[in-house]
Amino acid sequence: MARIRQLSKHIINQIAAGEVIERPASVVKELTENSVDAGATKISIDITNECRNIRIADNGCGIHPDDITLAFSKHATSKLKQDDDLFDIQTLGFRGEALASIISISKLTCITRTKDFETGTKVICENSEVTQVETGCAVGTIMDIKDLFYNIPARLKFLKNQNTEFSYIQEVTQTIALSYPKVSMELKKNGKQVLKTTGSNNLTQTIKEVFSSDVTNNLKEVLKTDELSGLKISGFVSTPDYTRSSKKNYHIYINSRGVKCPVFQKAIDMVYKHLTAGNKYPFVVLNLEIPPQDVDVNVHPTKKEVRYKNANQIFNFIYSAIEAGLANYVEKGYTPIRIAKQDDYITPIDQQETISTNIVEMPQPKKDFYIDKDSDTVYLSEISMKKLEKETPQVFQYKKTTENSNQQSFFNQQTQPIIEPEDKIIGQYHDTYILIDTDEGLEIVDQHIAEERYIYEKLQSEKNIVSQMLFVSDVIEVSATEAEIIKENMGKFERFGYGIEFLKDNEIIFRKIPQLLSKTNPKEILADILDNIEGNINNLEEKILITTSCKAAVKANTKLSIWQMQDIIKKWRTTKMPYTCPHGRPISKTIPHKELAGFFERAF
């Protein structure tokens, strides 16, 4: 066996580069994150030579001339000053490996200047050797990489074609742009601009710039804080009727760092599980802020994997936040007002006061207020708050009155339920779709799916479902496997109002069924439940609930009166998730007035 010897600095850096620099996109990620850490507000990325030439320029703080050589050494960084800093990471980079790895597999020129110097420094790196000279330049840093992987033919051989490699670069750029909307980012390919953000510090605007207004028109805001544990989540998720065919549009961040987190992804998947079809996924941009000491980002050199101190807490926090966002609840959207006693007037609480989701029932969509009886608090939407201030300004000027005051309570006078006008039902199309004239345009609602959604949520919330006793029931034959499933899950069937009795090992009858299904043949109900199981008994209770809702809802090709249509729409409007049925099918479609007017060449 050969004698052991110390590897050269260059070989060590090339081995490390295999972990940190997988492809051109890795270079873009590492250098762009360095620009963000340097406080840059503008970053420009130019890609040429089949993605092997990369130029990244920023207006950040620059690198001190005395530190420039050290910056390209392995494990040299300005982001960790002491050992404990590793458990309190506030920056994107911290390992001190990227620059040393990059110069071992490319020809790099760096031009940089700090605001404290009138001239800058030019550094030329090749084969891990660094030379520097003085030069003139603006404050900031330019990293110019040439011939990436020129000295590692094997790595070069395994790169994809230039279009595929550039798509990875584009994904990296999008990821950073979405996590730092205050930074203006530009991406060019062979001199042609591919992506440009303005650095508006507005996430909605950045999403529109990176993707399109079509995306932003279908988003729901997510915002939740937990001051006790130091958690906060913010961002947007798409409505369940606006989906993608893969999880590629899961843009998830931990403390503004793009990550691939199974806990985060599982929480998203669980929320949308019965809101979208099986092969459809939402568009998501979410950032979880968590105390650095409660999360470990030093799991892998790429820093994409994380570990939590309490994964269950994180899962539940994310899950509840997304669910609340889809139900039109965000913390900043409501103003709390305490209910006055008989001898009190009321003074509004500061609008910035945080509302704890642990004690407040989430409002239904399109409600102007809701009440938390435990804390004697009324929560008004921002629109209602402004309307109330405009119509009754005197209410907001009173202080607590004396004990002999005979004024009525503020709550009795001012916060009675607001009765919303009924929808303008136009009629039915094909005895299946309800047509509604709305402020936005022509809304088309599938009558069966809308009622199915309402019944599903109603049954889900009820503790005791009303049953209908059956005088006569067909005898239903089941297989040995089906019989075993039914026997083992009798309690679950009972929970949703089904009473099943075995006559023989393979014969059953229904003694009772949910009252909602009194006109449905029990044989069809059981057949549908068993068909949905298809050998998989997981979530049987949910499958019973879905089948019950589907069977109880009004069918397609059923003629309805205006009153019946109004009743279906009114109930559907009260649901928490009015986007899709439990199977994931979309419930409604709105054709905007402008689109209709444009088709008929009318001005709008």
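Every chain begins its residue count from 1, and numbering advances along the sequence as written. Local features in a predicted model are, by the rule used here, given only for residues with pLDDT of at least 70; side-chain atom pairs are given and counted only at 80 or more, and totals for whole chains, interfaces and linings are based on all residues. Based on all heavy atoms of the structure, the side-chain values leave hydrogens and waters out of the count.

Undergrad: What's the story with the sheet that holds strand β23 (residues 441-446) in this structure? I'm lost.
TA: Sheet strands pair via backbone hydrogen bonds, and the direction of the pair is either parallel or antiparallel. Criterion used throughout: strands pair if DSSP finds at least two bridges between them. Counting from the N terminus, the helices are the DSSP runs of H or I reaching at least four residues and the strands are the DSSP runs of E reaching at least two. Across the sheet, which stays open at both edges, the four strands sit in the order β21-β22-β23-β28 with antiparallel pairing between neighbours. Pairing within the sheet leaves two strands with one partner each, and these edge strands are β21 (424-429) and β28 (588-592). On average, each strand axis in the sheet is tilted by 25° relative to the strand beside it, whichever way the strands run. Two strands pair when backbone bridges link them, and β21 and strand β22 (residues 433-437) are joined in this way by five bridges, in the antiparallel orientation. Looking across to β22, one finds that Gly 427 is bridged to Leu 435. Any pair of residues with heavy atoms lying within 4.5 Å of one another is described as a contacting pair. To get an axis, fit a line to the C-alpha atoms, keeping to the stretch in contact for a helix; angles then go from 0 to 180 degrees between the N-to-C directions. Sitting on the sheet, helix α18 (residues 562-573) is in contact with β21, β22, β23 and β28, with an inclination near 110° to β21.

Undergrad: I tried to follow the confidence of the model for the protein chain on my own but got confused; where do I start?
TA: Keep in mind that low pLDDT regions are not for reading the predicted coordinates in detail. Within the protein chain, residue pLDDT values average 78, and 74% of them lie at 70 or more. One confidence number per residue, pLDDT, is output by the predictor and ranges from 0 to 100. In the predicted structure, residues 394-420 sits below a pLDDT of 50 and forms 48 contacts with residues beyond four places in sequence or in another chain.

Undergrad: Is there a simple way to explain the environment of Lys 589 in this structure?
TA: Inspection of the secondary structure assignment puts Lys 589 in strand β28. Throughout this description, buried means an accessible area under 20% of the type-specific maximum (1.4 Å probe, protein chains only), exposed means over 50%, and partly exposed covers the range between. Of the residues examined, Lys 589 reaches a relative accessible area of 55% and is grouped as exposed. Contact partners of Lys 589, with chain neighbours within four places excluded, come to Leu 442, Glu 443 and Ile 444.

Undergrad: I would appreciate a short explanation of the sheet that holds strand β15 (residues 284-289) in the present structure.
TA: The sheet built from five strands is open, its strands ordered β9-β10-β15-β12-β13 with mixed pairing. If you trace the sheet from one side to the other, it starts and ends with β9 (219-226) and β13 (257-258), each paired once. Inspection of the sheet shows β9 paired to strand β10 (residues 231-238) by eight bridges, in the antiparallel sense. Directly across from Leu 223, in β10, lies its bridge partner Ser 234. Helix α7 (residues 203-210) rests against β9, β10 and β15 of the sheet, and its axis sits at about 40° to β10. Where helix α9 (residues 262-272) meets the sheet, it contacts β10, β12 (250-254) and β15, and its direction lies at approximately 135° from that of β12.

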